[in-house]
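Close look at the chain arrangement
One letter stands for each residue in the lines below.
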There are 2 protein chains.
Amino acid sequence: MLKRIDKNNKEQLQSYLQSRSQEIESDILIKVSEIINEVRMKKDEALKKYTYQFDKIKVDTFKVTEEEIDEAIKQCDPAFMDAMKQAKENITFFHKAQKQNDYILHKEYGIYLGQCIRPIESVGIYVPGGRAQYPSSVLMNVIPAKVAGVQRIVMVTPPDPSGQIHPNIAYAAKLAGVHEIYKVGGAQAIAALAYGTNEIPSVDKIVGPGNIYVAAAKKLVFGKVDIDMIAGPSEILVIADKNADPKYVAADLLSQAEHDPMASSILLSNDENLISKVNCELENQIVGLPKMDITQKSLENYGKSILCESIEECIEIANMIAPEHLELMVNEPMNYLSQIKNAGSIFLGYYTCESIGDYFGGTNHVLPTNGTARFSSALGVDSFIKKSSFLHYSKQAVQAYGHQIETMAVQEGLQAHANAIKVRMDKS
Amino acid sequence: MLKRIDKNNKEQLQSYLQSRSQEIESDILIKVSEIINEVRMKKDEALKKYTYQFDKIKVDTFKVTEEEIDEAIKQCDPAFMDAMKQAKENITFFHKAQKQNDYILHKEYGIYLGQCIRPIESVGIYVPGGRAQYPSSVLMNVIPAKVAGVQRIVMVTPPDPSGQIHPNIAYAAKLAGVHEIYKVGGAQAIAALAYGTNEIPSVDKIVGPGNIYVAAAKKLVFGKVDIDMIAGPSEILVIADKNADPKYVAADLLSQAEHDPMASSILLSNDENLISKVNCELENQIVGLPKMDITQKSLENYGKSILCESIEECIEIANMIAPEHLELMVNEPMNYLSQIKNAGSIFLGYYTCESIGDYFGGTNHVLPTNGTARFSSALGVDSFIKKSSFLHYSKQAVQAYGHQIETMAVQEGLQAHANAIKVRMDKS
C-alpha cells in the first residue's frame, strides 16, 4: 500500500514532500487585508460585523465570563479531565528544563557584559472552532508561555452557532491558565490581537493553528507583532528494524494519515520482509476507521516506503527529509540519537508511538513541518522570551581600548562613531 | 535641536517611530521574484547575466580563491587588523556563554525525555558591496554561527568594478573563519544561496544586511530557507541623569544619526538643564562631520527629547518604545537593569558609548529595530541552532498511562491516534 521509492531517489522524495506546501493565493491575501484594515479602523464594530457574517452570531461582548467557563466545564468527561491534568503536569515538567538563565561575564578594567532573558509581555493564542476541537493544542501553546513567565495570555476562538465555546476547550484554557478568552475567530480575531480594539487589547505575539484565512492574517500582521510558524501538512517518518512489530508500525503510519489528505507517512527499513508485513497491516487496520476516506487518500498520495542497507542509511535519508515526527523503532534507539541532525521530535523505541507525544508525554506537538526542521524547532519556552544584551566599559577600559575602537570606526567611514569614543578619551 | 515631545504623548512617539518602517513595494517584489525564478531555472548562467547587468562585470567563476584573499589582505592597515583580532576575541567570549546544552529528564517506568541542540548545517552570509564596507558586520554575523558549530559558512558579496572584493571584507572573512566566498551580490545571490547553482551549493539559512532588493529576495525565499530579521532604520534611546556629560550624550546621539536620514536619536532625562546643554553640544559637534547632511536630516526628523520626573519614568517610556540601542547614562546603572523589559542592547554607565558595542565589546550589533525588541532578540548562537525533542516510553509506561492517552485521542475524534496506543496495550 505504501508506494516504494528507490533510496537513491531521495532528493526527489524531498522536493515531492515540500511540494505539499501551499502558497496562500493572492485573492485570499487581498480579502484578508481588507478585513484587517476594517478592524484597525472600526474596531469592535468591525469585529461584530464579521462575526455575524462568518459565524452567523450576533454578539454584544466578546469576553467569555468566569461563569460561562465554569458552566461549560460541567459537561466535560471526568476521565478526560484527569488525563488533561496529568498531561499538563508532564508538559510543564519538560518545558521547565528549557528555561535559560541570565548571564554576566567580567573582564579586566571593570568591564562586564551579559544577557538578560525577559518574557514577552503579552501573547494571543488562536484556537480553531468548528467541529474539530483540540484541547491538547491549548496546553501545547499555553504552557510554554506560562513557563516563560508571560504576564498576559489571551485566547481567541470562534463561537459555535449557539454562541458558546466547546467545553473541552474551556476546560483546557482554565487548566492551562489562560487569562482572558474572547469569542471571536477568523482573520478578524488576528487583526484584533495585532492592533487592539475597544474590548480586546493588543498583544506582542500570536500563536496557534487556524484555517487559510487565519494563516493569511498572521502572515500580514507579522512585523507589527511576532507570530509562530505557519504550519504546513503534517508528516511522520518511521525507521523500523526487523524486530519492530508491523502492527505497531502500521498503526503509527495511520495515525498520521488520518489528519489530512496531504499528510505524509513514510517508512524506512533495512528489512524487506517488515515492509511487506506493514503493508498487510495497513490494509487490515484501515478498515472501519472513522476517517477512513482521508486516511486512504493520504496513504495513496503520500504514503511511501524506502528499503535501505542499514539503520545508519535510514537515518541519513531521514536527515535529508528533516521530518516533523521521527520514530526510531529499532533496538537500542539511544545509540542513534547523536546521528539525527534534522527532526522536529524524535520517538524512541518500539513502544513510543507519536500519539504519546501528541497528547501526553511532555514534549511539544507544535513542530516544524515540510523539511523546515533543518532550521527551526518545536514551540517552546524560547518562543516566548526575548534577550537583551548589556555591556559596561569603565573610564580605564575606554582608555585601554579606545584607540582600537576608533580605528575600526574610521576604517568603516563612520566618524561620529569614532568621535563618541574620542570625546571620552580626551577627558580620561 | 532635538524636538521636545511631551512625556504623556509617548504612544504617538512610538507609532511615529514605527512609521519609519517601509513596506517593500510590489513592483520590487515582482522584479525580484523574476530574478529568483531565472536563477532557479538557469543557475550560473542567470547569475552571470545579472552580475554583468547590475555590477558591470563579466565573471567566469564566482568563487574567490585563497590567493585572491591573501593578496587583498596585504592592503589592510595593520592597526585595523589588530583591532579586529581583539574584537573577534571579545565577540567569541560573549557568544560562547550563549551555548545551550542538551538535557534529559528521567521519570517512572523508565520514561525519559529531553532536547538535543544541533547546529544548522549550512549558512549563507550576505555582505553588501559598494563604497561602504562594514567588516565589523562580518564578525557579528559569522562568529555566532561558528560558536554554534555551523559546518559550512558561505559568504556572498558583489564584486567591485575591477572584480575584487574589499580588502577589509576579505580580512574579516578570513579572520572569522568563513569557509567559501563567492563574488556575487543582489537578489541573484540570495536566490543562489536558497536554491543552489552549479557552482554555489544551497544553504539552510541566510543572514546579513542588504539593500531593498536583497531584503525583498530574503522575504521571498523565506520558507525554503530560514532568514534573519529584515532590519529597519536604526535607533538609539539615551537615558541620562544630571551627572551625565552633555558632550558624551551628544556624541552618542550623533553616532546614531550619521547612519541614515531615517535613523532616530531620542534623549530621555529627568533634568531640563542637561537637555539644553546636549542641544548646544549637538550644534557644536555636528559641524564638520563627513556625513553632516545625513546627520542633520536624521536629527531634524527623528531627533527627540522627553523630560521625565525620574529615571524610573524614563525607563517606563523606554519599555514602551522598545529601542534597538538603550544607553543608561546614569549613576549606578546596574540598579535599573531589572526594570528594563524591552531593549535590543543596553549600554551601562557614562563611558559605554554605543560604538563600543558596534565594534568591539563583544555583544552583537545585529539587533531588533523599530520596536520589535518587544518580541525579538539580537542575532546570536540561538539563531544558528535548532532543537529536536525526544521521548521514550517503555512497555510498562504504556500500560500505566495508555488509557489516559486513548481518552484524549478519542475526545479529539482521532481514532487512529487512539489505536496506536491500543495495539501496544493489547500486547502488553
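Keep in mind it's a predicted model, so treat the numbers as computed, not measured.

Here chain A is partitioned into domain 1 (3-19 + 232-361), domain 2 (26-227) and domain 3 (393-427). Inter-centroid distance (C-alpha atoms) of domain 1 of chain A to domain 3 of chain A is 58 Å.

The two copies are related by a screw operation: chain B maps onto chain A through 180 degrees of rotation and 0.0 Å of translation along the axis, at an RMSD of 0.0 Å. On this basis, the relationship between the two copies can be described by a two-fold rotation axis. Taking the C-alpha atom as reference, chain B places Gln 100 of chain B closest to the rotation axis, 4.1 Å from it. Most of the interface of chain B is mirrored in chain A, where 100% of its interface residues again form contacts.

Turning our eyes to something else, we now look at the environment of Gly 223 of chain B. With respect to the secondary-structure elements, Gly 223 of chain B resides in the loop between α9 (212-221) and β8 (226-227). Non-local contacts of Gly 223 of chain B, meaning those with residues more than four positions away in its chain, are made with Thr 372 and Phe 375 of chain A.

Residue and element names in this part refer to chain A. UniProt feature "active site" (unreviewed entry): in the numbering of this structure it lies at Glu 324 and His 325. Tracing the sequence through the fold places Glu 324 in the loop between α13 (311-321) and β12 (325-329). A residue is classified by how much of its surface remains accessible, and Glu 324, at 5% relative accessible area, is buried. Apart from residues lying up to four places away in sequence, Glu 324 is in contact with Ser 234, Glu 235, Gln 256, Ala 343, Gly 344, Ser 345, Leu 367, Pro 368 and Thr 369. A polar contact is formed between the side chain of Glu 324 and the backbone nitrogen of Glu 235, at a distance of 2.9 Å.

It is worth spelling out the packing of aromatic side chains at this point. Within this structure, the stated rule accounts for 12 aromatic pairs over all chains. Seen in terms of ring centroids, Phe 94 of chain A and Tyr 103 of chain B are 5.6 Å apart; in terms of plane orientation they differ by 45 degrees. Their pairing is tilted. Here Tyr 103 of chain B lies in strand β2 (residues 103-106) and Phe 94 of chain A lies in helix α5 (residues 78-96), a pairing that spans two chains. Take Phe 94 of chain A: its relative accessible area is 1%, and that puts it in the buried class. Residues Tyr 109 of chain B and Tyr 401 of chain B carry aromatic rings whose centres are separated by 6.0 Å and whose planes lie at 70 degrees to one another, so their mutual orientation is edge-to-face. In this pair, Tyr 109 of chain B sits in the loop between β2 and β3 (112-119) while Tyr 401 of chain B sits in helix α15 (residues 395-411), placing the two residues 292 residues apart along the sequence. In this structure Tyr 401 of chain B comes out as buried when scored by relative accessible area, which is 15%. An aromatic cluster is built from Tyr 109 and Tyr 401 of chain A together with Phe 360 of chain B, whose rings are joined through pairwise contacts. Positioned above the aromatic ring of Phe 93 of chain B, the side-chain terminus of Lys 107 of chain A is 5.0 Å from the ring centre.

Another point: the sheet that holds strand β13 (residues 345-348) of chain B. Pairing in this open sheet of 9 strands is mixed, and the strands run β2(A)-β3(A)-β14(A)-β13(B)-β12(B)-β9(B)-β10(B)-β11(B)-β1(B) from one edge to the other. Unpaired on one side and paired on the other, β2 (103-106) of chain A together with β1 (3-4) of chain B mark the two borders of the sheet. In terms of strand pairing, β2 of chain A meets strand β3 (residues 112-119) of chain A through 4 bridges, oriented antiparallel. Residue Leu 105 of chain A lies in a different strand from β3 of chain A, and its bridge partner there is Leu 113 of chain A.

As a further point, take the environment of Ala 148 of chain A. Residue and element names in this part refer to chain A. Within the element layout of this structure, Ala 148 appears in helix α6 (residues 135-148). Taking the relative accessible area as the measure of exposure, Ala 148 reaches 8% and is therefore buried. Considering only alpha carbons, one finds Ala 148 and Ile 311, 163 residues apart in sequence, at a separation of 38 Å.

Another aspect to go through is the UniProt feature "binding site: NAD(+)" (unreviewed entry) in chain A. Residues and elements named next belong to chain A. UniProt records the feature "binding site: NAD(+)" (unreviewed entry) for Tyr 126, Gln 188 and Asn 211 in the present numbering. A compact arrangement is adopted by the annotated residues: their sequence extent is 86 residues, whereas the largest C-alpha distance between any two is 12.6 Å. Using a relative accessible area of 1% as the deciding quantity, one classes Gln 188 as buried. Ignoring sequence-local partners within four residues, the contact set of Gln 188 consists of Ile 35, Val 39, Leu 47, Tyr 50, Thr 51, Phe 54 and Asp 55. Within the secondary structure, Asn 211 sits in the loop between β7 (205-207) and α9 (212-221). Residue class for Asn 211 comes out partly exposed when judged on its relative accessible area of 46%. A distance of 3.0 Å separates the side chain of Asn 211 from the backbone nitrogen of Val 214, its partner in a polar contact.

The next thing to look at is the side chain of Thr 352 of chain B. Mapped onto the fold, Thr 352 of chain B is located in the loop between β13 and α14 (354-359). Contacts of Thr 352 of chain B, omitting those with residues within four sequence positions, involve Leu 391, His 392, Tyr 393 and Arg 424 of chain A together with Glu 327 and Phe 347 of chain B.

This part covers the interface of chain B and chain A. It is common to give the size of an interface as the accessible area that goes away when the parts come together. Listed per partner, the contact involves 117 residues of chain B and 117 residues of chain A. Carbon and sulfur atoms make up 58% of the area that chain B and chain A hide from each other, which totals about 10,500 Å². Linking chain B with chain A are 8 salt bridges, by the criterion used here. In terms of residues, the side of chain B that touches chain A owes the most to one element, helix α5 (residues 78-96) of chain B, which gives 10 residues. The pairing of strand β13 (residues 345-348) of chain A with strand β14 (residues 385-392) of chain B spans 4 bridges and is parallel. Bridge assignment links Ser 345 of chain A to a residue of β14 of chain B, and that residue is Ser 389 of chain B.

Taken in spatial order, the 9 strands of this open sheet run β1(A)-β11(A)-β10(A)-β9(A)-β12(A)-β13(A)-β14(B)-β3(B)-β2(B), and their pairing is mixed. Single-partner strands in this sheet number two, and they are β1 (3-4) of chain A together with β2 of chain B. Across 4 bridges, β12 of chain A lies against β13 of chain A in parallel orientation. By the bridge assignment for β13 of chain A, His 325 of chain A is matched with Ser 345 of chain A.

Scoring rules and cut-offs
- Residues numbered from 1 in each chain as written.
- Chains lettered and ligands numbered in written order.
- Predicted model: local features only at pLDDT ≥ 70, side-chain atom pairs only at ≥ 80, totals over all residues.
- Heavy atoms only, no water.
- Domains from an automatic or database assignment.
- Least-squares fit on C-alpha atoms with pLDDT ≥ 70 in both.
- Contact = heavy atoms within 4.5 Å.
- Helix = DSSP H or I, 4+ residues; strand = E, 2+ residues; numbered from the N terminus.
- UniProt positions renumbered as here; feature names shortened; annotations may be inferred.
- Buried < 20%, exposed > 50% of the residue type's maximum accessible area, 1.4 Å probe, protein only.
- Polar contact = N/O pair within 3.5 Å; in protein donor to acceptor, adjacent residues only side chain to side chain.
- Phe/Tyr/Trp six-rings, centres within 6.5 Å; stacked < 30°, edge-to-face > 60°.
- Lys NZ or Arg CZ within 6 Å of the ring centre and 35° of its normal.
- Pairing = 2+ DSSP bridges.
- Buried area = accessible area lost by both parts, 1.4 Å probe.
- Salt bridge = Lys/Arg side-chain N within 4 Å of Asp/Glu carboxyl O.

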